[in-house]
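Observations on chain architecture
These are the residues of each chain, in order.
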Amino acid sequence: MRTVLGYVLIILLVPLSVLTFYYADAEAGKVQNFDSYVEEKIVINEVDLPQASKIKDTNGNVYVELHQPNRIVVEGDKIPAFLKELFLQSEDQHFYEHSGVDAAAVIRAFMVNAQSDEIEQGASTITQQVARNIYLTQDRTLARKIAEVLYSYQIEKKLEKDEILDLYLNVIFFNHNVYGVEAAAQYYFQTPVDKLSKAQMAFIAAIPNNPSLYDPQKRFENTKKRQERLIDIMAREEFITSEEAEQIKNEKITLNIRQRLDKYPDYSTYVMTEFRKLISESEGFDQQLINAEGDARDAIQEKLSARVAEVLSSGVIIHTALDPSIQAKAVGGVNNVLSGSTVQGAAAVIGNQSRDIVALSGGKEYDNTQFNRSYQGYRQPGSTIKPILDYAPYIETYGAGVNELVSADAYCDSTYCPKNYSEQEYGMVTLKEALTKSYNTAAIRLYMRTGIERSFSYLEKFNFDRISSEDYLPSASLGGIDGFTTLEMAGAYTSFIDGTFVEPKAIKRVTDFEGNTLFKWEEDEPVRIWSSATTYKMRDMLTNVVKSGTGQKANFATSYIGGKTGTTNNVRDLWFVGLTEGYTAAVWTGKDRYENEYQGIRYMEKYAPHQLIWKRIMR
């Protein structure tokens, strides 16, 4: 009888639905050829429920959960029968008998709810709730309700009852951005759904009926009362005995809320930036953006953003090169060395063998809402530019040795007259001594002798984001260029590992939950920057900087160590960039903004926080 009533209701509603669709703006696009539309669009077998994505470190451990939304899809055979029955008894007792709409339930729910202070029973079937949550909106309009009935009927034609129930249990909302029984079990109890006690099952089953009213975190008592009513229903329907019902109701419910995992925000914020770039390059958005301008460019960016969101909501795993132990040292080094000061800092660490980004510090006490200084902070590099713009290009061009002589006396051309930091002159010195003591006049002589164009031809191979032809000036030799990030500088110094450069990446690959690779960077061929001879000479000189020059506070015992300090005008920035046998790292310290151009952090110079941070990370 109930099935017949359901069909009658559908037959009566079809003509009305067509008219309503025609006149309702929200559903106007679905009016024409509705049957064809349903057949074409409602392909139930291809439903992919949005669920949480994850980011993993180099050891395969999850360190970030991206809840868009927080859903963990679980197969029906992993959901306990008791929990399924709880939802059937409370939401749709005749689920296995009706054809998507239960006309008798509408009348029954009206009568039951009329005698209660609360909504004890809903008129919507489980199938209707599936239709509403997957294909329609939550709007309470007549047009939407009629569409819900028609969609439900179509779903019943396409899927088996057990499939619909399983879909429902993965769709329903449990508040706090939590969807589906598995995510609910893990969020409220930090326990897989198949390990919950019957009391816990009944407790989470109480929530979806009215997620605001039965919010366990804000209205625990409401949820507990409904849980007990559900248990009573199970006893009344003889799924459990009255004695067992009392035992279940008396079990103490203790919430164990699982907060969203986000352990390394300094690194993960960069991962999400790189992820967008990976999607852009993999699917051709980058090519579309090359010549696009104005509204056209904005439209492409919006499509890219939508595509990124779509991929993340499909449930993917982003595998990264993050090394938790080095990340902890990078973050701890910046936080501890700069503690109690108004000075900020940033660090970037790259693995020498893999050329992957293994750690990032976005700033002192960084959180993921802040400006990430490791890759967003563009600063003048000071003397850290000398090895890659002055010395290595000169040695590469002329085959000079580390003991070749260069003048460290006063230098001046018609437009530029730099001085050594001490404002003294040192006569003829070797290249090694000139770099070790960071003599400015020696560096600019090498730069000018090589030639500005030729010197920059080496620098351009590092893909610095903000270098332009306007930087081709004598002052560039001493770091007079705006626009280098800590990560970029670390990347450039990896060329002193073996003379080659590969743009460092954080993401190794992106997979689905079954391990299938969805996105992966194309392997870049290493770009030869320096010859083996030049690399060897530069490593020797960089070692001398640390052992007996301006970088001594970064020194520690290891098989290889080398680096270069950098100080900008008025000590506004303090840098140290260098490498050991295993890693290459860059550290910047300074202030995000200064009140005037003469203000700096000279008072921190002797303390050398940049070198101390680098040493803590690399030791």
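Small disclaimer: the values here were computed from a predicted structure and weren't measured.

A short note on the pairing of strand β14 (residues 561-567)
Taking burial as the measure, the seven residues of β14 include six buried ones, the bulk of the element. The sheet contact formed by β14 and strand β15 (residues 573-580) spans seven bridges and is antiparallel. Bridge assignment links Gly 563 to a residue of β15, and that residue is Gly 578. Counted along the chain from β14 to the antiparallel partner β15, the turn is five residues long, and its residue Asn 570 has a positive phi close to 60°.

Section: helix α20 (residues 452-459)
Of all the residues in α20, the buried ones are Ile 452, Ser 455, Phe 456, Tyr 458 and Leu 459. Looking straight down α20, one finds that the buried residues subtend no more than 150° of arc, so they occupy a single side. On the buried face of α20, the contacting elements are α17 (386-398) and α19 (440-450).

With respect to the packing of helix α3 (residues 81-91) against helix α9 (residues 198-205)
Any two packed helices are characterised by the angle at which their axes cross and by the distance between the axes. It is at 10 Å that the axes of α3 and α9 come closest, and there the two elements cross at 35°. Considering how the two elements wind past one another, α3 and α9 form a crossing that is right-handed. Taking contact as the criterion, the partners of Phe 82, Leu 83, Leu 86 and Phe 87 in α3 are, on α9, Lys 198, Met 201, Ala 202, Ile 204 and Ala 205. Among the residues forming the contact of α3 with α9, the class breakdown is eight nonpolar, no polar and one charged.

Things to note about the packing of aromatic side chains
For any pair of aromatic rings, geometry is given as the distance between the ring centres together with the angle between the planes. As enumerated under the stated definition, the model contains 21 aromatic pairs in all. Judged by centre distance (4.9 Å) and plane angle (85°), the rings of Tyr 187 and Tyr 188 are edge-to-face. The burial state of Tyr 187 is the same as that of Tyr 188; both residues are buried. Here a set of aromatic residues connected by ring pairs shows up, and it is made of Tyr 458, Phe 462, Phe 464, Phe 484, Tyr 493, Phe 496, Phe 501 and Trp 530. Here the basic side chain of Lys 505 rests over the ring of Trp 521, its NZ or CZ set 4.8 Å away from the ring centre.

Description of the pairing of strand β7 (residues 357-361)
β7 sits mainly inside the fold: five of its five residues count as buried. Relative to β7, strand β6 (residues 344-351) runs antiparallel, the two sharing four bridges. Within β7, the position partnered with Ala 348 by the bridge is Leu 360.

What to know about the nonpolar core
Tyr 267, Ile 318, Ile 388, Tyr 391, Phe 456 and Leu 459 are the most contacted members of the largest nonpolar core, which has 87 residues in total. Those residues in contact with Phe 456 that sit more than four places away from it in its chain are Leu 389, Tyr 447, Ile 467, Asp 471, Tyr 472, Ala 476 and Ile 481.

Things to note about the state of the cysteines
Within the structure shown, the criterion is met by one disulfide. Cys 412 shares a disulfide with Cys 417; S-S distance 1.6 Å. Owing to a relative accessible area of 51%, Cys 412 belongs among the exposed residues under this scheme. What makes Cys 417 partly exposed here is its relative accessible area of 41%.

Side note on the pattern of salt bridges
Counted under the stated rule, the structure contains 19 salt bridges. Note that Asp 573 and Arg 379 form a salt bridge whose closest N and O atoms lie 2.8 Å from each other. Of this pair, Asp 573 sits in strand β15 while Arg 379 sits in the loop between α16 (373-376) and α17, and the two are 194 residues apart along the sequence. For Asp 573, a relative accessible area of 5% gives the class buried. According to the relative accessible area criterion, Arg 379 is buried, its value standing at 15%. Here Lys 432 ties to Asp 540 by a salt bridge, and the two come within 3.0 Å at their closest N and O atoms. Of this pair, Lys 432 sits in helix α18 (residues 431-436) while Asp 540 sits in helix α23 (residues 532-548), and the two are 108 residues apart along the sequence.

What to know about the confidence of the model for the chain
For the chain, the average pLDDT comes to 90, and 88% of its residues sit at 70 or higher. Under a pLDDT of 50 for its full length, residues 1-11 has, in the predicted model, 17 contacts with residues more than four places off or in other chains. Contacts for the low-pLDDT stretch residues 14-32, under 50 throughout, to residues beyond four places or in other chains number 24 contacts.

Overview of the sheet that holds strand β16 (residues 583-590)
Pairing within the open sheet is antiparallel, and its five strands lie in the order β7-β6-β16-β15-β14. Looking along the sheet, the strands with just one partner apiece sit at the ends: β7 and β14. Recorded for the sheet is a direction-independent mean angle of 10° between the axes of neighbouring strands. Packed on one face of the sheet, helix α15 (residues 324-337) meets β6, β7 and β16 and runs near 20° to β7.

A few points about unusual backbone geometry
One non-glycine residue, His 176, lies in the positive phi region at around 55°. By the element assignment, His 176 lies in the loop between α7 (161-171) and β4 (178-179). When its relative accessible area of 28% is taken as the criterion, His 176 is described as partly exposed. Non-glycine residue Glu 238 carries a positive phi angle of around 65°. Within the element layout of this structure, Glu 238 appears in the loop between α10 (220-236) and α11 (242-250). Owing to a relative accessible area of 72%, Glu 238 belongs among the exposed residues under this scheme.

Considering the environment of Arg 466
Summarising the element assignment, Arg 466 is placed in the loop between α20 and α21 (486-493). With 15 residues separating them along the chain, Arg 466 and Ile 481 place their C-alpha atoms 9.2 Å apart. Aside from chain neighbours lying at most four places away, what touches Arg 466 is Tyr 378, Asp 471, Asp 482 and Gly 483.

Parameters at a glance
- Residues numbered from 1 in each chain as written.
- Predicted model: local features only at pLDDT ≥ 70, side-chain atom pairs only at ≥ 80, totals over all residues.
- Heavy atoms only, no water.
- Buried < 20%, exposed > 50% of the residue type's maximum accessible area, 1.4 Å probe, protein only.
- Helix = DSSP H or I, 4+ residues; strand = E, 2+ residues; numbered from the N terminus.
- Pairing = 2+ DSSP bridges.
- Arc of directions from axis to C-beta.
- Contact = heavy atoms within 4.5 Å.
- Axes fitted to C-alpha atoms, helices over the stretch in contact; angles between N-to-C directions.
- Left-handed = near helix turned anticlockwise from the far one by under 90°.
- Nonpolar A, V, L, I, M, F, W, Y, C, P; charged D, E, K, R; others polar.
- Phe/Tyr/Trp six-rings, centres within 6.5 Å; stacked < 30°, edge-to-face > 60°.
- Lys NZ or Arg CZ within 6 Å of the ring centre and 35° of its normal.
- Core = buried A, V, L, I, M, F, W, Y, C linked by side-chain atoms within 4.5 Å.
- Disulfide = S-S within 2.5 Å.
- Salt bridge = Lys/Arg side-chain N within 4 Å of Asp/Glu carboxyl O.
- pLDDT = per-residue confidence, 0-100.

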